[in-house]
Amino acid sequence: LNRMERIAKEGTNPNNITPNTFCYSAVLNAIARSNKPQKAKEAKAIFENMKSMYENGNQHVFPNSFIYNAVLNAAAWTRGSRDHRLEAMRVAIEMMQDMEKNQQESNSSLLPHGGGDERGNQNNNSRPDAITYSIFFQACSALMQTAAEQKSVSRVVDAVFETCCYNGLVDEQVLTKFIGAASQEVIEKHFSVLLSTSSSATLVGGLTVKDLPMEWKRNTKNRRR
């Protein structure tokens, strides 16, 4: 990837060798699967470089939702010292915030009669999906290992789940990962009414997507992962 970037930048490119979104996606997924303790930081640096190139006019390197999710994966599967875990958590939060910003910009750029400007249409392809939320909650539960660490992200977990519900993207995987990441207080906030009215679930662990309001899951697809 570095060589492709260098060739493209130098202009000595007779075969039109230019890294594109697929190239970056492959590299980021490889980093996410590695055992590097600083892989979240490395993945974020590659993402920032990619984003900068796109904003400077390189249309071949649009950072879509697959790119964001790959960086989130690198964060979620970080193993190492406390500093490495906290660094990875910061990366996960920053990526989640960036994607939610993309969604807000996409929504606000919609024009009457279903139209939209080019930036809005691009942001529509880099908004969070159910996989995004699942990975994020996985990161919260895996990286925040002490009571103090878990408490420090409790409000973030709460806010992100609310956004996920609003976007209608709570599937079975998201529900499971959220329950694993949320504090008892946050869980009760969202599910106490459901537990009191559900005929199939008396405990949080017994909740399934079928017990959730349709509004929370309206944009999900059946996934086995």
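Quick notes on the rules
Residues numbered from 1 in each chain as written. Predicted model: local features only at pLDDT ≥ 70, side-chain atom pairs only at ≥ 80, totals over all residues. Heavy atoms only, no water. Helix = DSSP H or I, 4+ residues; strand = E, 2+ residues; numbered from the N terminus. Core = buried A, V, L, I, M, F, W, Y, C linked by side-chain atoms within 4.5 Å. Buried < 20%, exposed > 50% of the residue type's maximum accessible area, 1.4 Å probe, protein only. Contact = heavy atoms within 4.5 Å. Expected span 1.5 Å × (residues − 1). Phe/Tyr/Trp six-rings, centres within 6.5 Å; stacked < 30°, edge-to-face > 60°. Polar contact = N/O pair within 3.5 Å; in protein donor to acceptor, adjacent residues only side chain to side chain. Disulfide = S-S within 2.5 Å. Axes fitted to C-alpha atoms, helices over the stretch in contact; angles between N-to-C directions. Parallel < 35°, antiparallel > 145°, perpendicular 65-115°, else oblique. Left-handed = near helix turned anticlockwise from the far one by under 90°. Nonpolar A, V, L, I, M, F, W, Y, C, P; charged D, E, K, R; others polar. Salt bridge = Lys/Arg side-chain N within 4 Å of Asp/Glu carboxyl O.

Our focus in this paragraph is the environment of Lys51. With respect to the helices and strands, Lys51 occurs in helix α3 (residues 39–55). Sequence separation between Lys51 and Phe62 is eleven residues, and the spatial gap between their C-alpha atoms is 7.1 Å.

Turning our eyes to something else, we now look at the nonpolar core. With 58 residues, the main nonpolar core has Met89, Phe136, Phe137, Val170 and Phe191 as its most contacted residues. Within the residue set of this core, elements represented by two or more residues are α2 (21–32), α3, α4 (65–76), α5 (82–108), α7 (130–143), α9 (154–166), α10 (172–181) and α11 (184–197). With nine residues, the top contributor of residues to this core is α5. Excluding residues that lie within four positions of it along the chain, Val170 makes contacts with Phe161, Cys164, Cys165, Leu175, Val209, Leu212, Trp216, Lys217 and Thr220.

A turn of α-helix holds 3.6 residues, and therefore any two residues three or four places apart point the same way. Compared with an ideal rise of 1.5 Å per residue, which puts 13 residues at 18 Å, α9 spans 19 Å between its outermost C-alpha atoms and is within 8% of the ideal. For α9, the complete set of buried residues consists of Ser154, Val157, Asp158, Val160, Phe161, Cys164 and Cys165.

In this structure the tally under the stated criterion is ten aromatic pairs. Aromatic rings pair up to connect Phe136, Phe137, Phe161, Phe178, Phe191 and Trp216 into one cluster.

On the secondary structure map, Asp158 appears in helix α9. Owing to a relative accessible area of 15%, Asp158 belongs among the buried residues under this scheme. Engagement of the side chain of Asp158 in a polar contact is seen with the side chain of His190, the distance being 2.8 Å. The residues touching Asp158, leaving out its near neighbours within four places in the chain, are Val186, Lys189 and His190.

Okay, the state of the cysteines next. Evaluated as defined, the whole model comprises zero disulfides. The thiol of Cys164 is not disulfide-bonded; the next cysteine sulfur, from Cys165, is found 5.9 Å away. Among the residues examined, Cys164 registers a relative accessible area of 0% and is labelled buried.

Before going further, it helps to examine the side chain of Gln138. With respect to the element layout, Gln138 can be found in helix α7. On the basis of relative accessible area, Gln138 is assigned to the buried category, the value being 14%.

So, about α2. In this model α2 runs 16 Å from its N-terminal to its C-terminal C-alpha over twelve residues, within 8% of the 16 Å that 1.5 Å per residue would give. The distance from a side-chain oxygen at the start of α2 to the backbone nitrogen of Phe22 is 3.1 Å, and the residue carrying that oxygen is Asn20.

Close contact between α3 and α4 brings their axes to 7 Å; oriented N to C, the two are set at 160°. When the axis of α3 is compared with that of α4, the two are roughly antiparallel. Two packed elements cross with a definite hand, and for α3 against α4 that hand is left-handed. Touching Lys39, Ala40, Ala43, Lys44, Phe47 and Met50 of α3 are Ile67, Tyr68, Val71, Ala74 and Ala75, all from α4. Broken down by class, the residue content of the contact of α3 with α4 amounts to nine nonpolar, no polar and two charged.

What follows concerns the pattern of salt bridges. On inspection of all chains with the given rule, the structure shows nine salt bridges. A salt bridge links Glu94 to Lys44, with the shortest nitrogen-to-oxygen separation between them at 2.7 Å. Of the two residues, Glu94 is situated in helix α5 and Lys44 in helix α3; the sequence distance between them amounts to 50 residues. Overall, the relative accessible area of 37% leaves Glu94 in the partly exposed class. A salt bridge links Arg82 to Glu149, with the shortest nitrogen-to-oxygen separation between them at 3.1 Å.

What follows deals with the environment of Ala70. For Ala70, the location among the structural elements is in helix α4. Owing to a relative accessible area of 2%, Ala70 belongs among the buried residues under this scheme. Linking Ala70 and Lys44, residues 26 residues apart in sequence, is a C-alpha distance of 9.7 Å.

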